[in-house]
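Observations on the model geometry
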Amino acid sequence: MSSETREIVHDQHAHPVGETRTYWIIGIILILVTVIEVSAYMFASTFGAFGTPVVVIVSAAKFILVVMFYMHLKYDSPVFSGIFIFPMTLAVLVIGGLWMLYHVLHPLR
């Protein structure tokens, strides 16, 4: 096999997501985010009305990291990212609106 043929075969099997160092870094970040999430949950009473949103935001950040890196969405077509991001944004807006309705606006009655 010539060197040119080996290069072509090598390029076909090249994997942009196969970087072990990236996965270790993301894994460490996920561990730190989990520690923050559990701490925020344990001390939610200290935050008052903002305890729940802090936990939800940190959980959403962790979810996005897992989906983007471990499910390889970051390296796929932008169409797949849009298919994921649009419903997630819609869900966040609905949940945020319901939380505001029941925890912020409801006590004003």
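Residues numbered from 1 in each chain as written. Predicted model: local features only at pLDDT ≥ 70, side-chain atom pairs only at ≥ 80, totals over all residues. Heavy atoms only, no water.

**Section: the overall build of the protein**
Stated precisely, the cut-off is as follows: Labels follow the DSSP assignment, with helices taken as runs of H or I lasting at least four residues and strands as runs of E lasting at least two, numbered in each case from the N terminus. Working definition: with a 1.4 Å probe on protein chains only, accessible area under 20% of the residue-type maximum means buried, over 50% means exposed, and in between means partly exposed. Note on areas: Shrake-Rupley with a 1.4 Å probe; residue coverage comes only from the protein chains shown.
Looking only at helices and strands, the protein has five helices and zero strands in total. Among the 109 residues that make up the protein, the fraction classed as buried is 16%. Accessible surface, the protein: about 8,600 Å² in total, of which carbon and sulfur atoms supply 74%.

**Focus: helix H5 (residues 78-105)**
Rules: To estimate the expected span of a helix, subtract one from its residue number and multiply by 1.5 Å. Contacts: residue pairs with any heavy atoms within 4.5 Å of one another.
Spanning 28 residues, H5 covers 38 Å between terminal C-alpha atoms, matching the ideal 40 Å at 1.5 Å per step. Those residues of H5 not exposed but buried are Ser81, Phe84 and Met88. Where the residues of H5 are buried, they touch helix H4 (51-70).

**Quick word on the nonpolar core**
As a reminder of what qualifies: For our purposes a nonpolar core is just a set of buried Ala, Val, Leu, Ile, Met, Phe, Trp, Tyr and Cys residues, chained together by side-chain atoms within 4.5 Å.
Grouped together as the largest cluster of nonpolar side chains are eight residues: Ile26, Leu30, Val67, Met68, Phe69, Leu73, Phe84 and Met88. Going through the elements one at a time, helix H2 (20-42), H4 and H5 are the ones with two or more residues in this core. Ranked by residue count, the leading element in this core is H4, at three residues. Discounting chain neighbours no more than four positions away, the residues touching phenylalanine 69 are Thr22, Tyr23, Ile26, Lys74 and Tyr75.

**With respect to the packing of H4 against H5**
The condition that has to hold: Under this scheme, a helix contributes an axis fitted over its contacting stretch, all axes are lines through C-alpha atoms, and angles between N-to-C directions fall in the 0 to 180 degree range. We call two directions roughly parallel when the angle between them is under 35 degrees, roughly antiparallel when it is over 145, roughly perpendicular when it lies between 65 and 115, and oblique otherwise. In this classification, Asp, Glu, Lys and Arg are treated as charged, Ala, Val, Leu, Ile, Met, Phe, Trp, Tyr, Cys and Pro as nonpolar, and every other residue, Gly included, as polar.
The N-to-C vectors of H4 and H5 enclose an angle of 175°; their axes lie 13 Å apart at closest approach. In terms of their interaxial angle, H4 and H5 are classed as roughly antiparallel. Contacts between H4 and H5 involve Thr52, Pro53, Ala60, Phe63, Ile64, Val67 and Met68 from the first element and Phe84, Ile85, Met88 and Trp99 from the second. For the contact of H4 with H5, a count of residues per class yields ten nonpolar, one polar and no charged.

**A word on a nonpolar patch on the surface**
Short version of the rule: Surface patches are drawn from residues lacking salt bridges whose relative accessible area is over 30%; two like charges belong together within 9 Å, two nonpolar side chains (Val, Leu, Ile, Met, Phe, Trp, Tyr) within 5 Å. By salt bridge we mean one thing: a side-chain nitrogen of Lys or Arg within 4 Å of a carboxyl oxygen of Asp or Glu.
The grouping of Phe86, Leu90, Val94, Leu98, Met100, Leu101, Tyr102, Val104 and Leu105 at the surface amounts to a nonpolar patch, some 860 Å² of accessible area in total. Tracing the backbone shows valine 94 in helix H5.

**What to know about the packing of aromatic side chains**
Geometry of an aromatic ring pair is reported as the spacing of the ring centres plus the angle between the planes. Selection criterion: Centres within 6.5 Å make a pair out of two Phe, Tyr or Trp rings, where for Trp the six-membered ring is used; the pair is then stacked when the planes are under 30 degrees apart, edge-to-face when over 60, and tilted otherwise.
A complete count under the given rule lists one aromatic pair for this structure. When the ring of phenylalanine 63 is compared with that of phenylalanine 84, the centres are 5.8 Å apart and the planes differ by 45°; the resulting orientation is tilted. One end of the pair, phenylalanine 63, is in helix H4; the other, phenylalanine 84, is in helix H5, and 21 residues separate them in sequence. According to the relative accessible area criterion, phenylalanine 63 is partly exposed, its value standing at 42%. Take phenylalanine 84: its relative accessible area is 18%, and that puts it in the buried class.

**Focus on H2**
Between its terminal C-alpha atoms H2 stretches 33 Å, which fits the 33 Å expected from 23 residues at 1.5 Å a residue. Listed as buried for H2 are Ile26, Leu30, Val33, Glu37 and Ala40.

Geometric values such as these leave the question of function open.
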